[in-house]
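# Structural characterization, general
If you want the building blocks of each chain, they are given just below.
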Amino acid sequence: MWLFSDMSLSTATALGTIANWGLLLSLLTGIVSTFFVVQTTDVKERHWDEARDRSTERIVEISAEGEKAKAALGTAQADIVKASVQIAEAHARTKEAELKLEGLREKNLELEKSIAPRMIEQAQASENLKPFAGTQYAIFFTPDAESRRMAAQIRALLSMAGWKKSQNPPSPPSFFLDGIRIDWAASLGDRLSMVAGTLAEQIKVSDVAAKAGRPVPEFEPDTIRISVGLKPIKIHPPDSLPSVNPASIPGLTGLKSWGSMLFDKDE
């Protein structure tokens, strides 16, 4: 090449020496660089392995925590189901208690109604009875304050309607049935039957038990007899008492049973 054609020996020798030293230095630099590359690669791989190990351990921990969370969720769901069952049972018990309370409330209202004194409407009833003004009546009642007050109300009602208290009253009934019973003279049976029925209906308008009875031959003509007995009540035998069968009791005759109680058949 033209650059080296005119070069002297000494110059060529010097340049060759420099090139040899440069090559040697390059080789040494390559060796050192290779050494550092290998060593740093090992260090990096060691750090990467440690990072992978930590990641694996963390994944295991997270998996374990996930399993614990699943177990806790399962326990919570079981507790929720158990609580739901308990709530349903509590609701059922509450409903049962409400039904029992409602039954007791109805019985209490019925009891209050049964012991409350009877009262009859008089203004309209007296107008409805005025077509029978002049009818003779006699009124009897049991020796009971409530029955006496009921009889007084009926007397006032009939007085307002123009009925007349009998001056020759029939004899009182031999016994009093519960409620109000109206009997009449058989001599004017058809007419007085209608009168007794109308009076009973006017009394029943006020939710007071009353009924027309029967014609009685011994009564004076155009006379009715009003018998005021005790206020009828409904009896609720306690459920805890055993039932009684009269047939199972020697020597008892003429009785009827209702739950735990016995009654004379004539009652």
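Residues numbered from 1 in each chain as written. Predicted model: local features only at pLDDT ≥ 70, side-chain atom pairs only at ≥ 80, totals over all residues. Heavy atoms only, no water.

## Let's talk about the overall build of the protein chain
The helix and strand inventory of the protein chain stands at five helices and seven strands. Mapped in sequence order, the helices and strands of the protein chain form the string α-α-α-β-α-β-β-α-β-β-β-β. Counting across all 267 residues of the protein chain, residues that qualify as buried make up 21%. Relative to all contacts within the protein chain whose residues are 6 or more apart in sequence, the contacts with residues 24 or more apart total 77%. If you sum the accessible surface of the protein chain, you get close to 18,800 Å²; carbon and sulfur atoms cover 61% of it. (Helix = DSSP H or I, 4+ residues; strand = E, 2+ residues; numbered from the N terminus. Buried < 20%, exposed > 50% of the residue type's maximum accessible area, 1.4 Å probe, protein only. Contact = heavy atoms within 4.5 Å. Areas by Shrake-Rupley, 256 points an atom, 1.4 Å probe, with all protein chains shown as cover.)

## Quick look at the side chain of Ser166
Within the element layout of this structure, Ser166 appears in the loop between strand E2 (164–165) and strand E3 (180–185). Of the polar contacts made by the side chain of Ser166, one reaches the backbone nitrogen of Asn168; its length is 3.2 Å. (Polar contact = N/O pair within 3.5 Å; in protein donor to acceptor, adjacent residues only side chain to side chain.)

## Some words on the pattern of salt bridges
Following the criterion strictly, the structure yields 10 salt bridges and no others. When the shortest N-O distance is used, the salt bridge between Arg52 and Asp49 registers 1.8 Å. In this pair, Arg52 and Asp49 are both assigned in helix H2 (residues 9–115), three residues apart and thus about one turn of the helix distant. Arg52 gets classed as partly exposed once you look at its relative accessible area, which sits at 49%. Here Glu96 and Lys100 are joined by a salt bridge, their closest N and O atoms 3.7 Å apart. Of this pair, Glu96 and Lys100 both sit in helix H2, four residues apart, which is roughly one turn of the helix. Here Glu96 falls in the partly exposed class, since its relative accessible area comes to 43%. Under the relative-accessibility criterion, Lys100 is labelled exposed at 54%. Via salt bridges that share partners, Arg181, Asp183 and Arg225 belong to a single interconnected network. (Salt bridge = Lys/Arg side-chain N within 4 Å of Asp/Glu carboxyl O.)

## A short note on the confidence of the model for the protein chain
Per-chain confidence: the protein chain averages 82 in pLDDT, with 85% of residues scoring 70 or above. Overall, residues 257–267 carries pLDDT values under 50, and its contacts beyond four positions in sequence, including any with other chains, amount to 34 contacts. (pLDDT = per-residue confidence, 0-100.)

## Re unusual backbone geometry
In this model, Asp207 sits at a positive phi of 60°, which is unusual for a non-glycine residue. Note that Asp207 resides in the loop between helix H5 (189–204) and strand E4 (210–216). Residue Asp207 is classed as exposed on the basis of its relative accessible area, which comes to 57%. Phi at Asp222 is positive, roughly 60°, even though this residue is not glycine. Topologically, Asp222 is positioned in the loop between E4 and strand E5 (223–228). Residue classification places Asp222 among the partly exposed residues on the basis of a relative accessible area of 21%.

## Side note on helix H4 (residues 145–160)
Along its 16 residues, H4 runs 23 Å from first to last C-alpha, staying within 8% of the 22 Å computed at 1.5 Å per residue. Among the residues making up H4, those that are buried are Glu146, Ser147, Met150, Ala151, Gln153, Ile154, Leu157 and Leu158. All buried residues of H4 fall inside an arc of 160° around its axis, so they share one side. The backbone nitrogen of Glu146 lies 3.1 Å from a side-chain oxygen of the residue at the head of H4, namely Asp144. (Expected span 1.5 Å × (residues − 1). Arc of directions from axis to C-beta.)

## Looking at the sheet that holds strand E1 (residues 136–141)
Taken together, five strands build an open sheet; the order of strands is E2-E1-E5-E3-E4 and the sheet is mixed. The sheet is open, and its two edges are formed by E2 and E4, each paired on a single side. As paired strands, E1 and E2 are joined by two bridges and run parallel to one another. Of the residues in E2, the one forming a bridge with Gln136 is Lys164. The strands touched by H4 within the sheet are E1, E3 and E5, with E1 carrying the most contacts at an inclination of about 165°. (Pairing = 2+ DSSP bridges. Axes fitted to C-alpha atoms, helices over the stretch in contact; angles between N-to-C directions.)

## Examining the nonpolar core
If you look at the biggest cluster of nonpolar residues, it comprises 30 residues, and the most contacted ones within it are Ile154, Trp163, Ile180, Leu199, Ile224 and Ile226. Contributions of two or more residues to this core are made by helix H3 (123–129), E1, H4, E3, H5, E4 and E5. Broken down by element, this core gets its largest block of residues, six residues, from H5. Contact partners of Ile224, with chain neighbours within four places excluded, come to Gln136, Tyr137, Ala138, Trp163, Ile182, Asp183, Trp184, Leu192 and Leu199. (Core = buried A, V, L, I, M, F, W, Y, C linked by side-chain atoms within 4.5 Å.)

## Here we look at the pairing of E5
Among the six residues of E5, six are classified as buried, and the element is accordingly described as predominantly covered. Residues Thr223, Arg225 and Ser227 line one face of E5 and the alternating positions Ile224, Ile226 and Val228 line the opposite face, and both faces are buried. Two strands pair when backbone bridges link them, and E1 and E5 are joined in this way by six bridges, in the parallel orientation. Residue pairing across strands places Phe141 opposite Val228, the latter belonging to E5. With five bridges connecting them, E3 and E5 associate as antiparallel partners. Across the sheet, Ile180 pairs through a bridge with Val228, a residue of E5.

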